[in-house]
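Overview (structure and organization)
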Amino acid sequence: GWISSAIDPQGQCFLSRFERGMAVYLGSGQAVAAVNGTSALHVALLLAGVEPGDEVLVPDLTFVAPANAVRYAGAWPVFIDVEPDHWQLDPEKTANFLARECVSARDGLYNRHTGRRVRALLPVDLLGHPVDMDALLAIANRHDLVVVEDATESLGARYKGRPVGRLAGLSCLSFNGNKLLTTGGGGMLICDDPAQAQRARYYVTQA
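Read on for an overview of the structure.

Rules behind the numbers
Residues numbered from 1 in each chain as written. Predicted model: local features only at pLDDT ≥ 70, side-chain atom pairs only at ≥ 80, totals over all residues. Heavy atoms only, no water. Helix = DSSP H or I, 4+ residues; strand = E, 2+ residues; numbered from the N terminus. Rg over C-alpha atoms; globule rule 2.2 N^0.38 Å. Buried < 20%, exposed > 50% of the residue type's maximum accessible area, 1.4 Å probe, protein only. Areas by Shrake-Rupley, 256 points an atom, 1.4 Å probe, with all protein chains shown as cover. Lys, Arg positive; Asp, Glu negative; His and termini not counted. Charge placed at Lys NZ, Arg CZ, Asp CG, Glu CD. Core = buried A, V, L, I, M, F, W, Y, C linked by side-chain atoms within 4.5 Å. Contact = heavy atoms within 4.5 Å. Salt bridge = Lys/Arg side-chain N within 4 Å of Asp/Glu carboxyl O. Pairing = 2+ DSSP bridges. 1 Å grid on protein atoms, 1.4 Å probe; cavity = no way out; pocket = protein on both sides within 12 Å on 5 of 7 lines; lining within 4 Å. Points joined across faces, edges and corners; volume = space filled by probe spheres on them. Nonpolar A, V, L, I, M, F, W, Y, C, P; charged D, E, K, R; others polar. Right-handed = clockwise from strand over helix to strand, strands pointing away.

Some words on the overall build of the protein
- A count of helical and extended segments in the protein gives six helices and eleven strands.
- Computed over its C-alpha atoms, the radius of gyration of the protein comes to 17 Å, within 12% of the 17 Å expected for a compact globule of 207 residues.
- The dimensions of the protein, computed from C-alpha atoms along their principal axes, are 60 × 35 × 25 Å.
- Residues counted as buried form 47% of the 207 residues belonging to the protein.
- Surface exposure of the protein reaches about 10,100 Å², of which carbon and sulfur atoms provide 52%.
- In the protein, the 18 positive side-chain charges and the 22 negative ones have mean positions that sit 4 Å from each other.

This is the structure:
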């Protein structure tokens, strides 16, 4: 009775209690548990509108899960260098890539070398340090891109007073055995939009 959607003796679902507790802790409206962090990232990219053939910018220093999640969505990762102080996705290099290596069209921003649409940024709060999310969000807004935050390695950290996991419209966590908070496995998607959360639950329960 301690896993999946099993009901405890008081008639409550342990998994739902965990989701509610994490939502309260982060100050979010919605939290949706997934089988692992990679699954949460995959679902978040689908909710963000990433489609097969799109490109998603990811940091070149991180675990392979973000790049794998991009591929699971049928899209392609584009690796951007990290900054030297905290090894987070470098806003300046991100801005330079989008300005110099991409071209705007009526239906989005396109990589001039590959011809693919650039759809999203997937920064990772690496090794306990938050990314400079305000700078990345400004860049994303300028180019009409979506941001999905991978907060897996920095749960509990804060950025300008805001908790990691709440820095973008869609954020993801992992509870793998080597993470800051572990359930042995599992992941979670964090958002505010009830419609997005409902769609996420549809995906994580085998549609």
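That shown, we press on.
Notes on the nonpolar core
- In this structure, Met22, Leu57, Leu98, Met133, Leu173 and Met188 are the most contacted members of the largest nonpolar core, which totals 34 residues.
- Secondary-structure elements contributing two or more residues to this core are α1 (14–26), β1 (30–34), β3 (76–80), α4 (91–100), β6 (117–121), α5 (133–143) and β11 (187–191).
- Not counting residues within four places of it along the chain, the set of residues in contact with Leu98 comprises Leu57, Leu109, Val118, Ile139, His143 and Leu145.
- If you look at the next biggest cluster of nonpolar residues, it comprises 27 residues, including Val43, Leu45, Ala120 and Val148.

Let's talk about the pattern of salt bridges
- Under the criterion given, the structure shown has eight salt bridges.
- A salt bridge links Lys93 to Asp90, with the nearest nitrogen and oxygen atoms 3.7 Å apart.
- You can call Lys93 partly exposed: its relative accessible area is 37%.
- By relative accessible area, Asp90 is classed as buried at 8%.
- Here the residues in one salt-bridge network are Glu51, Asp54 and Arg117, joined through shared partners.

Topic: the pairing of strand β5 (residues 108–111)
- Note: strand β4 (residues 102–105) against β5, four bridges, orientation antiparallel. Note on β5: the bridge partner recorded for Val103 is Tyr110.
- For β5 and β6, the ladder comprises two bridges, and the chain directions are antiparallel. Across the sheet, Tyr110 pairs through a bridge with Arg117, a residue of β6.
- The turn joining β5 and β6, which pair antiparallel and follow one another in sequence, is formed by five residues; a positive phi near 80° is taken by Gly115.

A look at the layout of surface pockets
- The calculated volume of the second largest pocket comes to roughly 290 Å³.
- Taken together, 19 residues form the lining of the second largest pocket, with Phe63, Ala65, Thr152, Ser174 and Lys179 sitting closest to its centre.
- Of all elements in the fold, only α2 (37–47) and α3 (65–72) reach the threshold of two or more residues within the lining of the second largest pocket.
- The element best represented in the lining of the second largest pocket is α2, accounting for three residues.
- Looking at side-chain class alone, the lining of the second largest pocket contains six nonpolar, ten polar and three charged residues.

Re the pairing of β3
- Bridge analysis of strand β2 (residues 55–59) against β3 gives five bridges, and the strand direction is parallel. Across the sheet, residue Pro59 finds its bridge partner in β3, namely Ile80.
- Read from β2 through α3 to β3, the crossover connection turns out right-handed.

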